[in-house]
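# Results of the structural survey
The lines below spell out each chain.
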Amino acid sequence: KGEAVSLKADLNTIIDIKKDSKLKFLPLLRKIDVINDETTLNAKLEHFLNITFDKTFKVTDFSYKNRGNVNDLFLKLRKPVSSNFLQDKINSIYIKKTDLLFSLNSNKKNNIVATGKYSFNNENFQNYKLENNFFKKNFYLNLDLDFSEIINIELLNYKKEVNKVAKIFLNIKKSEKSISIKKIDYSEDQNSIMVSDLNFKERDIISLKKIKVKTYDKNKLKNDFILEFNNSIKIYGNKYDSTNLNKFLNQKPKVNILKKINKKIEIDLKRIDTPLSEKLSNFKLIGKIEKGKFIKILSKGDFSEDRFLDITMKSSKDGKKYLEVYSDLPQPLLSNYSFFKGLTGGNMTFSSIIQNKNSTSKLIIK
């Protein structure tokens with residue numbers, strides 16, 4: 001009679017999917033990337049469906065919700081997840097004892113809320129809470145979890161052992177072409193790392209607001225500094241552990257994720273730990289970065305009252321870069337090279353002309 005028609009349905013389901021089911025009776029779930037023939041699921045859910053049709057039976061409004069408990073869920077990832085910070089690859093995810101709330105609406109307010117236990121190895125389960133508001137390729141994600149796997153951040157000479165539990169909070173916003181990590185908050189015992197407003201576009205970093213780092217090793221302070229990323233890049237603080245810096249710099253990255261960064265940079269650190277017992281104090285640097293690489297450097301630090309480290313880099317109009325390093329203490333800079341093992345005293349001068357991917361260098365050690 002020209003009036004809208006509404007359909008409401010409530011039902012309860014018990015889901016028990018085993019590997020031999022092959023998911024043939026759940027074809028819609030195959031659209032979810034992590035669902036495959038290895039997936040197992042045991043859950044008890046309540047479903048609530050509300051649909052409104054116009055007189056031509058066209059859907060004008062709908063909402064679907066489910067809530068319940070996921071007793072066990074196993075997801076075998078099609079492609080293992082790896083990271084420079086993780087010792088082991090993540091091949092699968094186990095979830096159990098999880099409260100689930102899922103909502104899908106015509107008003108595009110779709111979300112998933114899950115709270116429970118998870119593991120990457122089917123043992124040593126940890127707490128997690130996930131909230132994801134999504135529409136098509138866009139989503140806004142909050143993830144709060146306890147993390148027990150080994151974490152190794154070589155750039156900071158920081159390692160979390162497997163028997164320690166860290167707390168991690170992530171707040172991520174994703175659109176079709178960009179990802180914005182609004183917040184990373186990592187804490188473990190006295191250690192803390194905070195990142196705010198880290199933005200990527202097509203896998204390249206385009207902006208960052210702040211990184212704050214404070215780490216210890218057996219109650220001994222190892223890192224205490226702040227990186228601010230505004231009109232210029234500023235790094236300042238009380239201490240930085242550069243023990244692994246030479247090793248990190250010698251690695252050849254497959255891609256330069258900083259290639260869209262063009263900024264002036266200032267560094268002011270009161271103390272820098274080196275690979276050997278010597279410490280560098282009052283290190284200051286001013287410079288300029290283009291396409292993620294230094295083109296200008298003027299820096300100085302003290303090993304002691306009468307021993308110094310000086311670094312300069314200049315660029316010419318023809319694209320060449322001229323790097324010079326002078327150190328009254330060569331050992332910290334050469335510690336990664338076995339050829340110089342046992343070297344003591346003296347001083348070092350290093351000069352290099354760099355153009356494109358080639359360089360011509362000269363090293364003088366006295």
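Going by the structure above, here's the rest.
The sections below set out a description of the structure shown in this document. If you're wondering where the values come from, they're calculated on a predicted model, not measured in any experiment.

### What about the overall build of the protein?
Looking only at helices and strands, the protein has two helices and 23 strands in total. Taken over C-alpha atoms, the radius of gyration comes to 27 Å for the protein, far larger than the 21 Å a tight globule of 366 residues would show. Dimensions of the protein, computed from C-alpha atoms along their principal axes, come out at roughly 95 × 45 × 35 Å. Relative to its full complement of 366 residues, the protein shows a buried share of 33%. Sequence-distant contacts, at least 24 apart, represent 42% of the contacts inside the protein between residues at least 6 apart. Counting only carbon and sulfur atoms, one obtains 53% of the accessible surface of the protein, whose full area is about 23,800 Å². Across the protein, the 70 positively charged side chains and the 43 negatively charged ones have centroids separated by 5 Å.

### Quick look at a nonpolar patch on the surface
Together, Val255, Ile257 and Leu258 line one region of the surface with nonpolar side chains, adding up to about 250 Å² of accessible area. Inspection of the secondary structure assignment puts Ile257 in the loop between helix H1 (245–250) and strand E17 (263–273). Given the relative accessible area of 36%, Ile257 is considered partly exposed.

### Some words on the pairing of strand E16 (residues 233–241)
Pairing geometry for strand E15 (residues 220–229) and E16, over six bridges, is antiparallel. Among the inter-strand pairings, Phe225 is bridged to a residue of E16, identified as Gly237. The hairpin turn running from E15 into E16, its antiparallel successor, is three residues long. When E16 meets E17, the two strands line up parallel, connected through seven bridges.

### Some details on the nonpolar core
Counting residues in hydrophobic clusters, the biggest one holds 59 residues, and the most contacted among them are Leu156 and Ile233. Ignoring any residue separated from it by four or fewer positions in sequence, one finds Ile233 in contact with Leu227, Glu228, Ile261, Lys263, Lys264, Ile265, Glu266 and Ile289.

### Observations concerning unusual backbone geometry
Positioned with a positive phi, Arg203 is a non-glycine residue whose angle comes to about 75 degrees. Mapped onto the elements, Arg203 comes out in the loop between strand E12 (191–201) and strand E13 (204–207). A relative accessible area of 76% places Arg203 in the exposed class. The phi angle at Lys218 is positive, at roughly 55 degrees, despite the residue not being glycine. Here Lys218 is to be found in the loop between strand E14 (210–217) and E15.

### Observations regarding the packing of aromatic side chains
If you walk through the whole model with that rule in mind, you get eight aromatic pairs. With 5.4 Å between their ring centres and 65 degrees between their planes, Tyr118 and Phe120 make a pair best called edge-to-face. Taking the relative accessible area as the measure of exposure, Phe120 reaches 22% and is therefore partly exposed. An aromatic cluster is built from Tyr118, Phe120, Tyr128 and Phe147, whose rings are joined through pairwise contacts. Here the guanidinium or amino end of Lys96 rests over the ring plane of Phe125, the centre of that ring lying 4.2 Å away. Sitting over the ring of Phe308, Lys300 keeps its end group 4.8 Å from the ring centre.

The rules behind each value
- Residues numbered from 1 in each chain as written.
- Predicted model: local features only at pLDDT ≥ 70, side-chain atom pairs only at ≥ 80, totals over all residues.
- Heavy atoms only, no water.
- Helix = DSSP H or I, 4+ residues; strand = E, 2+ residues; numbered from the N terminus.
- Rg over C-alpha atoms; globule rule 2.2 N^0.38 Å.
- Buried < 20%, exposed > 50% of the residue type's maximum accessible area, 1.4 Å probe, protein only.
- Contact = heavy atoms within 4.5 Å.
- Areas by Shrake-Rupley, 256 points an atom, 1.4 Å probe, with all protein chains shown as cover.
- Lys, Arg positive; Asp, Glu negative; His and termini not counted.
- Charge placed at Lys NZ, Arg CZ, Asp CG, Glu CD.
- Patch = residues over 30% accessible without salt bridge, like charges linked within 9 Å, V, L, I, M, F, W, Y side chains within 5 Å.
- Salt bridge = Lys/Arg side-chain N within 4 Å of Asp/Glu carboxyl O.
- Pairing = 2+ DSSP bridges.
- Core = buried A, V, L, I, M, F, W, Y, C linked by side-chain atoms within 4.5 Å.
- Phe/Tyr/Trp six-rings, centres within 6.5 Å; stacked < 30°, edge-to-face > 60°.
- Lys NZ or Arg CZ within 6 Å of the ring centre and 35° of its normal.

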